[in-house]
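Here are the chains, one letter per residue:
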Amino acid sequence: MALSDRIDPDARWMHMAIDQAKRGIGLTSPNPPVGAVIVAQDRVIGQGYHAKAGGPHAEIEAIKDAKTNFPKLLPGATIYVTLEPCCTHGRTGPCTEAIQAAGIRRVVYGADDPNPAHHQRARDIFVLAGIGVKAGTLLEECRDLIRPFAKWITTGLPYVIAKAGQSLDGRITRPAGESQWLTSNAARIHGRRLRLRADAIIVGAETVRKDNPRLTLRDGCAATGKEQPWRVILTRSGDIPTDCHLLTDAYKERTLLMQGIELRDVLLHLSERGVVTVLIEGGGIILGHAFREQLVDEVHWYIAPLLCGGGRPSLAGTALPASVELDHTKVMPMGDNVHISGYPRWPGK
């Protein structure tokens, strides 16, 4: 049993709700991933997660599950939800109404909804209805689930994940005549799985010209049912090979060519399309720009035991004004490669 479960008995069930929510990561934009578990007589009688924007919310799925399997236990039960239940009509009805109609008598949720239309409104609704409410259970874990959504809904900008594979001397390209790959196959597969979380993937024209990437969901990722993320090419000159994969393959309609547009404006444009999470895969010039403009929210760096002695640095262009430290850093060996991830600590943010 986790320490949090011993300190707070409700944490046990919230852990299960978090596991449910994780099943929807990358599938729900522009909505956040949410999980719910309904408990009665010290056992789970219903569970569910939000699987697609426009589809039933997690609370509705959990109530449906409980009605199917334990209908007599639903009245008087407790529902655990990773995010404050919504209280307005959108493409679906308010979850606060559905919870009341189901006869649930206690609501425990993790994070407040950062959407101003819902923020901290559910508590008052439930209290007026005579339903017990508890907020903040496993707060940080629940907030982590909605980092991208919170950024998007409060700033109008997508959440930006920066990814790079580099040599020990900080290069993302090898000398001419050598293989294009720096990192191991295991590291590359791990990096491609980040695409599951993304609604759009950004690369520069130089990456397209040199590597001719596909930027597709592979390694079993397509089986999740996730729609192919937008593939965004940033270019100054417009010099893109007309026969490249991004312009000719089965997903060519999911490719956007952005010529002469600054990165921040590109992100704003994508946000208007409902893009909540962006993955920058290269190259060094775009990555350098993203860090200089403090646009990056999460970092994934893959380091190979290789010295190139030249080539493009991972952060190209003018130097950063100051070093960037990472919070919540994780270091994971991948054979002879190393994966380092974390959240940039930006001054004033």
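Residues numbered from 1 in each chain as written. Predicted model: local features only at pLDDT ≥ 70, side-chain atom pairs only at ≥ 80, totals over all residues. Heavy atoms only, no water.

### Side note on the overall build of the protein chain
Here is the rule: Comment: elements are numbered from the N terminus, with helices defined as DSSP H or I runs of at least four residues and strands as E runs of at least two. Each radius of gyration is computed over the set of C-alpha atoms, and the globule rule expresses the reference value as 2.2 Å times the number of residues to the power 0.38. Contact definition: two residues touch when any of their heavy atoms are within 4.5 Å. Using a 1.4 Å probe, accessible areas were evaluated by the Shrake-Rupley method; residue-level cover was limited to the displayed protein chains. Only four residue types enter the tally: Lys and Arg on the positive side, Asp and Glu on the negative side, with His and both chain ends excluded. In this description, the location of a charge corresponds to atom NZ of lysine, CZ of arginine, CG of aspartate or CD of glutamate.
Along its length, the protein chain carries 12 helices and 13 strands. For the protein chain, whose C-alpha radius of gyration is 22 Å, the value lies close to the compact-globule estimate of 20 Å for 349 residues. Taking the principal axes of its C-alpha atoms as reference, the protein chain extends roughly 70 × 40 × 40 Å. Summarising the internal contacts of the protein chain: among those between residues at least 6 apart in sequence, 73% fall at separations of at least 24. Entry remark: accessible area of the protein chain is about 16,400 Å², with carbon and sulfur atoms responsible for 52%. When the 42 basic and 37 acidic side-chain charges of the protein chain are each reduced to a single mean position, those positions are 3 Å apart.

### Here's the deal with the packing of aromatic side chains
Basically, it comes down to this: Only the six-membered ring of Trp is used, alongside the rings of Phe and Tyr, when aromatic pairs are assigned; centres must lie within 6.5 Å, and planes under 30 degrees apart are stacked while those over 60 apart are edge-to-face, with the rest tilted. Three labels apply to residues, based on accessible area from a 1.4 Å probe with only protein chains included: buried if under 20% of the type maximum, exposed if over 50%, partly exposed otherwise in between. Whether a charge sits over a ring comes down to the Lys NZ or Arg CZ being within 6 Å of the ring centre and within 35 degrees of the ring normal.
Applying the stated criterion across every chain, the model contains 3 aromatic pairs. Taking 6.3 Å as the distance between ring centres and 40° as the angle between the ring planes, the aromatic pair formed by Phe149 and Trp152 counts as tilted. In this pair, Phe149 and Trp152 both sit in helix α7 (residues 147-155), 3 residues apart, roughly one turn of the helix. Each member of the pair, Phe149 as well as Trp152, carries the same accessibility label: buried. Plain terms: the ring middles of Phe291 and Trp301 are 6.1 Å apart, the flat faces sit at 85° to each other, and that makes the pair edge-to-face. Here Phe291, found in helix α12 (residues 284-292), pairs with Trp301, found in strand β11 (residues 298-303); they are 10 residues apart in sequence, far enough to count as distant. Considered together, Phe291 and Trp301 belong to a single accessibility category, that of buried residues. Following the ring pairs from residue to residue traces out a cluster consisting of Phe291, Trp301 and Trp346. The lysine or arginine in question, Arg188, covers the ring of Trp181, its NZ or CZ lying 4.3 Å from the ring centre.

### Brief notes about the environment of Val34
Along the chain, Val34 falls in the loop between α2 (9-22) and β1 (35-40). In this structure Val34 comes out as buried when scored by relative accessible area, which is 8%. For Val34 and Asp112, which are 78 residues apart along the polypeptide, the C-alpha to C-alpha distance reads 12 Å. Ignoring sequence-local partners within four residues, the contact set of Val34 consists of Ala21, Gly48, Tyr49, His50, Ala58, Val81, Thr82 and Leu83.

### Section: the environment of Gln166
Note the cut-off: Polar contacts here mean pairs of N or O atoms no more than 3.5 Å apart (in protein, one a potential hydrogen donor and the other a potential acceptor; neighbouring residues in sequence count only if both atoms are side-chain atoms).
Looking at where Gln166 falls in the secondary structure, it is placed in strand β6 (residues 159-166). Sequence-wise, Gln166 and Pro213 are 47 residues apart; in three dimensions their C-alpha atoms are separated by 17 Å. Once residues within four sequence positions are removed from consideration, Gln166 is found in contact with Arg171, Ile172, Leu182, Thr183, Trp301, Tyr302, Ile303, Ala304 and Ser314. Separated by 2.7 Å, the side chains of Gln166 and Trp301 make a polar contact.

### Some words on helix α11 (residues 263-272)
Here is the rule: The arc in question is the one spanned by the directions pointing from the helix axis to the C-beta atoms.
When we look at burial in α11, the residues that qualify are Leu263, Val266, Leu267, Leu270 and Ser271. Across the axial projection of α11, the buried residues extend over an arc of 140°, all falling on one side. Phi turns positive, to about 85°, at Gly274, one or two residues after α11.

### Here's the deal with the sheet that holds strand β12 (residues 326-334)
To keep things clear, this is the line we draw: Two strands form a pair only when DSSP identifies at least two bridges running between them. Axis definition: a line fitted to C-alpha atoms, limited for helices to the stretch in contact. Angles are taken between N-to-C directions and run from 0 to 180 degrees.
Taken in spatial order, the 8 strands make up an open sheet running β9-β8-β7-β10-β6-β11-β13-β12, and their pairing is mixed. The open sheet has two free edges, formed respectively by β9 (255-259) and β12, since each of these has just one partner strand. Across the sheet, the mean angle separating the axes of adjacent strands is 20° when strand polarity is ignored. Contacting β6, β7 (200-204), β8 (230-235), β9 and β10 (277-282), α11 crosses the sheet at an angle of about 155° to β7.

### Describing the pattern of salt bridges
Selection criterion: In the sections that follow, a salt bridge refers to a side-chain nitrogen of Lys or Arg positioned within 4 Å of a carboxyl oxygen of Asp or Glu.
If you walk through the whole model with that rule in mind, you get 18 salt bridges. The partner of Arg195 in a salt bridge is Glu281, with the nearest N and O atoms 2.8 Å apart. Of this pair, Arg195 sits in the loop between α8 (185-192) and β7 while Glu281 sits in strand β10, and the two are 86 residues apart along the sequence. What makes Arg195 buried here is its relative accessible area of 5%. What emerges from the salt-bridge pattern is a single network uniting Asp8, Asp10, Arg106 and Lys134.

### Concerning the sheet that holds strand β3 (residues 78-83)
Strand order in the open sheet formed by 5 strands is β2-β1-β3-β4-β5, and the pairing between neighbours is mixed. In the strand order of this sheet, the two ends are held by β2 (43-49) and β5 (132-135), each with one partner. Along the sheet, successive strands turn relative to each other by an average axial angle of 15°, direction set aside. Where helix α3 (residues 58-69) meets the sheet, it contacts β1, β2 and β3, and its direction lies at approximately 140° from that of β2.

### Thoughts on the environment of Tyr49
Within the fold, Tyr49 resides in strand β2. Through-space distance from the C-alpha of Tyr49 to that of Glu61 is 6.5 Å; in sequence the pair is 12 residues apart. Once residues lying within four places of it in the same chain are set aside, the contact partners of Tyr49 are Gln20, Ala21, Arg23, Gly24, Val34, Gly35, Pro56, Ala58 and Glu61.

### Let's talk about the nonpolar core
Here is the rule we go by: Nonpolar cores are built from buried Ala, Val, Leu, Ile, Met, Phe, Trp, Tyr and Cys residues. Side-chain atoms within 4.5 Å join them into one set.
Ranked by size, the top nonpolar core spans 41 residues in total, and within it Met14, Ile38, Ile45, Leu74, Ile79 and Ile104 carry the most contacts. Mapped onto this core, the elements with two or more residues apiece are α2, β1, α3, β3, β4 (106-111), α5 (122-128), α6 (139-145) and α7. Top element by residues in this core is α2. It accounts for 6 residues. Not counting the four nearest positions on each side in its chain, Ile79 is found in contact with Ala36, Val37, Ile38, Glu59, Ile99, Ile104, Arg106, Val107 and Val108. Of all hydrophobic cores here, the second largest spans 27 residues; its members include Ala164, Ala200, Trp230 and Ile286.

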